[in-house]
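Structural features, examined
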Amino acid sequence: MINHRSPISGVACLDDRYVATAGYDSQLILWDARTQTAVARARHDHLANHCTFSPDGRFLLSGSSDHTVRLWSVPDLGLLAVMRHSDDIERVAFSPRGDRFATASRDYAIRVFDLTGRLVHLLEGHAADAVFVEFSPDGRELWSTSDDADIRRWDVETGALLQQVSFGDVQLDTIAMGPEGVLYAGNDAGEILILKDGQVRTHQAHALGIKCLAYSGRESRLASTGYDGFLRTFRTAPDGSLTLEAETRPPREVWLRTCALDSRDRVIVGTFGSSYATFDIGSRRWDLSRVGDTPGLNAVGVHAGAIMAIGDAGVLYRDGVAVRRIDSLCNFLLSFQGQLLTGGQTGTLFDALTGQVLFEQPSPINCAVEIQRGGESLVVMGTYSGDAWLLARAEGRMVLRERLSVFRAAIKGLAVHGGTLFATCADRTVAHITLSTLEVTRTVNAHERITNGAAALPDGRFASVGRDLMLRVWSKGQPSVHPTPHGRSVRCVASCPQTMLLATAAYDGTLALFDAEHGEWLKTERLTDFGISTVSRGSRPGHFLASAYDGCVYEVSRDAAPRRVFRASVEPFPPQALAA
């Protein structure tokens, strides 16, 4: 049976005929839209981030973290052309006539191709990762957004820059062409910016940042998804004005990274499961009947002598045996005062072993760490909104001590040593936080690309990694820079306090060991064809555990060959073992 095995990061609709999905398992799947059964499957060499149909339905275009854009025939998904870039492709778009297509890449550039795969224009000028691209309705212009918070308008025939609109330090993730002459843009403040005739109006659509916009001219409808956990649809007026039509907080399996509007008044969205989900706007009902669990793991650690792991399906494993289902995708595991804490997409903090809800807040949680402050043990949660929540235990739950605004974008990693908390951010910033005063000292452009994981060394130094393939070791606020042996974005880093070893792991399935005392790389192991999500110290000095999107946990040490510890199952679980 054809299904996804990792989260669905891109969706596209072709009327009521086909739905296409792109996934973290490197798969592209073409589905019959009426029956939601798979018609064909194709693969990239790495994460498939986005896909779109040509207007006539003859072609499917996909962009991937393998640095390629690929053109496929429909419905057989035969490969027609491969266009290579120098970094991940985040977005692809067809022109209205279907004779050209454009790509937005994390190498900062926008590219325009013809249907043979010939490069027509290389459009440069963005100062950060290009993340979105869209053609105007007449196909003569191209709009792009970037992590530099700019929107740029280009002439498709000449490649000339026609307009640049800057929005300061509030990033824009997504745009959509609306009624004639209207452009919608979603920003990290939860606003939909309405650009028309050189004027900008704002519509507060979400409480937190907007992740995706999708427009349908046939129904004069705009759909938006946000980090506040809501999907909303709006009716659009000719001047671009928006009137709320429907809103919903989706089930936990839904991933609001991507959405599309079909011709049957439905919103198609990606999920953390095996297939896509649909929301019927008229009935306000969700259909996830075809969405099953996937085995991907997002976190691993040692708790009470056992190896614990959890992932997209919210299933907790103890030494490879499923023991609990949590009502959320989960991104981390943290041992705290005898409990094992977890949380993720829903913004809820859970006791992973019992499923008890300990604390709730609106933004997804990326990471957590234990600190000591004022004689009290606290948990610090890092969220997608850039806030750090400092929580203490009280009467069986967690209560808020402080809410600290650290960044404007997602916190990607947390580490602590002594009286200093170290944090990394998606916008390339790192922060050193003095715990006694909660004073935040930020270093902007700490990495050249998105900054990911964080770790603390026993001598008081901190480590960060990122998409620039660099390991930075921070001492007194200054980094030493060490190129890593990884070939793709470095996802995570962990330290071993007894040996001064650091382990870094990447989306290309590699894990590398670094001797932080002598500043040298010791070994690199390719563990899997899938991305590694988390690395943590093992139960013995010099040993590290890695969880991966293939559903496996691996162990790596300095002196022994790597081994697979266990593989997660997606078979039905015994009801007595997994509580809802």
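Just above sits the structure.
We now turn to the structure provided with this report. (Residues numbered from 1 in each chain as written. Predicted model: local features only at pLDDT ≥ 70, side-chain atom pairs only at ≥ 80, totals over all residues. Heavy atoms only, no water.)

By secondary structure assignment, the location of Ser533 is in strand S53 (residues 532-537). Here Leu297 takes part through its backbone oxygen, which lies 2.6 Å from a polar atom of the side chain of Ser533. Of note is the side chain of Ser533, whose polar atom sits 2.8 Å from the side chain of Ser547. Sequence-distant contacts of Ser533, that is, excluding residues within four places in its chain, are made with Leu297, Asn298, Ala299, Arg491, Cys492, Ser547, Ala548 and Tyr549. (Helix = DSSP H or I, 4+ residues; strand = E, 2+ residues; numbered from the N terminus. Polar contact = N/O pair within 3.5 Å; in protein donor to acceptor, adjacent residues only side chain to side chain. Contact = heavy atoms within 4.5 Å.)

So, about unusual backbone geometry. Cis peptide bonds are those with omega within 30 degrees of zero, and the linkage from Val74 to Pro75 qualifies with 15°. With respect to the helices, strands and loops of the structure, Pro75 is situated in the loop between strand S7 (68-73) and strand S8 (79-84). Of note in the backbone geometry, Tyr108 takes a positive phi value of approximately 80° without being a glycine. Within the secondary structure layout, Tyr108 lies in the loop between strand S10 (100-105) and strand S11 (110-114).

It is worth spelling out the pairing of strand S31 (residues 315-318) at this point. Here strand S30 (residues 306-311) runs beside S31; their pairing, made up of two bridges, is antiparallel. Looking at S31, one finds that Ala309 is bridged to Tyr317. Hairpin connection from S30 to S31: three residues lie between these consecutive antiparallel strands, with Gly314 at a positive phi of about 75°. Across four bridges, the pairing between S31 and strand S32 (residues 321-325) is antiparallel. Its bridge partner lying in S32, Leu316 is registered against Arg324. Counting the residues between successive antiparallel strands, the hairpin from S31 to S32 contains two residues, one of them, Asp319, with a positive phi of roughly 50°. (Pairing = 2+ DSSP bridges.)

What describes a pair of aromatic rings is the distance from one ring centre to the other and the angle between the planes of the rings. Throughout the structure, instances matching the rule amount to 15 aromatic pairs. Taken together, a centroid distance of 6.4 Å and an interplanar angle of 45° make the contact between Tyr184 and Tyr215 tilted. Of this pair, Tyr184 sits in strand S18 (residues 182-187) while Tyr215 sits in strand S21 (residues 210-216), and the two are 31 residues apart along the sequence. Considering the side-chain rings of Tyr317 and Phe566, the 6.1 Å spacing of their centres and the 35° angle between planes classify their relative orientation as tilted. A residue pair is termed long-range when its members are at least 10 positions apart, and Tyr317 in strand S31 and Phe566 in strand S56 (residues 563-567) qualify at 249 residues. The class for Tyr317 is buried, based on a relative accessible area of 4%. Classification of Phe566 as buried rests on a relative accessible area of 8%. Members of the aromatic cluster, joined through ring pairs, are Tyr24, Trp255, Phe272, Tyr507 and Tyr549. Of note, Arg232 hangs over the ring of Phe230, and the distance from its end group to the ring centre comes to 4.5 Å. (Phe/Tyr/Trp six-rings, centres within 6.5 Å; stacked < 30°, edge-to-face > 60°. Buried < 20%, exposed > 50% of the residue type's maximum accessible area, 1.4 Å probe, protein only. Lys NZ or Arg CZ within 6 Å of the ring centre and 35° of its normal.)

Our focus in this paragraph is the layout of surface pockets. Considering only enclosed or pocket space, the second largest pocket measures out at about 1100 Å³ in volume. Surrounding the second largest pocket, 38 residues form its lining, Cys13, Thr52, Glu134, Tyr215 and Ser216 being those nearest its centre. Breaking the lining of the second largest pocket down by element, the ones donating at least two residues are strand S1 (8-14), strand S5 (48-53), strand S9 (89-94), strand S13 (130-135), strand S17 (172-177), S21 and strand S25 (254-261). Residue contributions to the lining of the second largest pocket peak at five residues, all from S21. Of the residues assigned to the lining of the second largest pocket, the class counts are 22 nonpolar, 10 polar and six charged. (1 Å grid on protein atoms, 1.4 Å probe; cavity = no way out; pocket = protein on both sides within 12 Å on 5 of 7 lines; lining within 4 Å. Points joined across faces, edges and corners; volume = space filled by probe spheres on them. Nonpolar A, V, L, I, M, F, W, Y, C, P; charged D, E, K, R; others polar.)

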